[in-house]
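Residue strings, one per chain:
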Amino acid sequence: MRNPFRSEGDAFRFVWLTIGYCTLIVIGSVINSWLGLAVFIVLTAIAVWWGFFRGRDEAPVRQAPAPSPPGEHRILVVANETVGGSGLLREIRDRSEGRTTRVLVVCPALNSPLKHWLSDEDEARATAQQRLDASLASMRAAGLNATGEIGDDDPIQAIEDALRMFQPDELIVSTHPPGRSNWLERDVVERARERFALPLTHVVVDLAADHS
């Protein structure tokens, strides 16, 4: 799941601010119901204003993984429907040539909003797993040391989760072409460049051209 806090310190401050917020409202309400309402309105307005301008003014925090093991180049690949595309396989092979490389492929389990809220992810994960298995078979047949896993339905969160354990040297994000890519509409590639301190390669895979 997506973590709304950047650190444990953020979570700790949020808890204490929430306690203080509720305490002041209760105290005001005990003194006078109108005073309690006024305190609620003022504190809520301050909280909304602070949160809005803090989010606009702060530069995004760039996250970097720990160094990969010596003598091993690690590539993190994030793709869903395009995970089996020939263009993606070619890019990985080119970037692996002439060195000892380990590849981790993360396939986010894309789901409909309704099924997501109903916690019905079985079908989405099963579909993603089928695509991932086929892609890994192609990579291994090409001589690549590749493993894979199903990730969070949010590709940015899926990358963040993978960074904690894989320690990649570079990141490849694969999408459909512009106009057909939900990830491009959501600025996933640019958000990943801003958030993660890793060399990022964007690979566009046209599945229609692959199958023609």
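Each value, and the rule that gives it
- Residues numbered from 1 in each chain as written.
- Predicted model: local features only at pLDDT ≥ 70, side-chain atom pairs only at ≥ 80, totals over all residues.
- Heavy atoms only, no water.
- Helix = DSSP H or I, 4+ residues; strand = E, 2+ residues; numbered from the N terminus.
- Buried < 20%, exposed > 50% of the residue type's maximum accessible area, 1.4 Å probe, protein only.
- Areas by Shrake-Rupley, 256 points an atom, 1.4 Å probe, with all protein chains shown as cover.
- Pairing = 2+ DSSP bridges.
- Axes fitted to C-alpha atoms, helices over the stretch in contact; angles between N-to-C directions.
- Contact = heavy atoms within 4.5 Å.
- Core = buried A, V, L, I, M, F, W, Y, C linked by side-chain atoms within 4.5 Å.
- Salt bridge = Lys/Arg side-chain N within 4 Å of Asp/Glu carboxyl O.
- Expected span 1.5 Å × (residues − 1).
- Arc of directions from axis to C-beta.
- Left-handed = near helix turned anticlockwise from the far one by under 90°.
- Nonpolar A, V, L, I, M, F, W, Y, C, P; charged D, E, K, R; others polar.
- pLDDT = per-residue confidence, 0-100.

Trainee: Give me the overall build of the protein chain: which residues, what numbers.
Mentor: The secondary structure content of the protein chain amounts to nine helices and five strands. Looking at the protein chain as a whole, 33% of its 212 residues qualify as buried. For the protein chain, the computed accessible surface area is about 12900 Å², with 59% contributed by carbon and sulfur atoms.

Trainee: Help me get a handle on the sheet that holds strand E1 (residues 73-78), residues and values and all.
Mentor: The strand order across the open sheet formed by five strands is E3-E2-E1-E4-E5, and the pairing between neighbours is parallel. Each edge of the sheet is formed by a strand with only one pairing partner; in this case those strands are strand E3 (145-151) and strand E5 (200-204). Geometrically, the sheet is characterised by an average inter-axis angle of 20° between neighbouring strands, direction not taken into account. The pairing of E1 with strand E2 (residues 101-108) spans six bridges and is classified as parallel. Bridge pairing links Val 78 to Val 106 in E2. Of the strands in this sheet, E1, E2, strand E4 (170-175) and E5 are in contact with helix H3 (residues 86-96), which crosses E4 at around 165°. Along the sheet face, helix H8 (residues 188-195) touches E4 and E5 and points at about 170° away from the line of E5.

Trainee: Lay out the nonpolar core in plain terms, naming residues and giving numbers.
Mentor: One finds Val 77, Leu 88, Ile 92, Val 103, Val 105 and Ile 172 to be the most contacted residues of the largest nonpolar core, which totals 21 residues. Breaking this core down by element, the ones donating at least two residues are E1, H3, E2, helix H5 (122-141) and E3. Not counting residues up to four positions away in its chain, the partners in contact with Val 77 are Leu 88, Ile 92, Val 103, Leu 104, Val 105, Val 106 and Ile 172. Leu 76, Val 78, Trp 183 and Leu 200 belong to the second-largest nonpolar core, a separate cluster that totals 19 residues.

Trainee: Outline the pattern of salt bridges, supporting the account with residue identities and numerical values.
Mentor: In the structure shown here, the tally under the stated rule is ten salt bridges. Where Arg 74 meets Glu 72, a salt bridge forms, and the shortest distance between an N and an O atom there is 2.6 Å. In this structure, Arg 195 engages Glu 160 in a salt bridge whose closest nitrogen and oxygen atoms are separated by 2.3 Å. Of this pair, Arg 195 sits in helix H8 while Glu 160 sits in helix H6 (residues 155-166), and the two are 35 residues apart along the sequence.

Trainee: Pulling in residues and values, what's your account of H5?
Mentor: Between the first and last C-alpha of H5 there are 28 Å, a value that for 20 residues agrees with the 28 Å anticipated at 1.5 Å per step. Listing the buried residues of H5 in full gives Ala 124, Ala 128, Leu 132, Ser 135, Leu 136 and Met 139. Viewed along the axis of H5, the buried residues span an arc of 105°, placing them on a single side of the element. For H5, the exposed residues lying more than 90 degrees away from the buried face are Asp 122, Glu 123, Gln 130 and Ala 141. Looking at the buried side of H5, the elements it contacts are H3, E2 and E3. Of the residues flanking the end of H5, it is Gly 143, one or two places downstream, whose phi is positive at about 90°.

Trainee: For the packing of H6 against H8, give the residues involved together with the corresponding values.
Mentor: One way to put it is that H6 packs onto H8 with a least axis distance of 10 Å and a crossing angle of 35°. Relative to H8, H6 is oriented so that their crossing is right-handed. Contact residues: Pro 155, Ile 156, Ile 159 and Glu 160 in H6; Val 188, Arg 191, Ala 192 and Arg 195 in H8. In the contact of H6 with H8, the residues fall into five nonpolar, no polar and three charged.

Trainee: So, the confidence of the model for the protein chain: which residues are in play, and what are the values?
Mentor: Here the protein chain averages 81 in pLDDT, while 79% of its residues score no lower than 70. The low-confidence segment residues 1-9, where pLDDT is below 50, has ten contacts with residues more than four positions distant or belonging to other chains. The low-confidence segment residues 55-60, where pLDDT is below 50, has two contacts with residues more than four positions distant or belonging to other chains.

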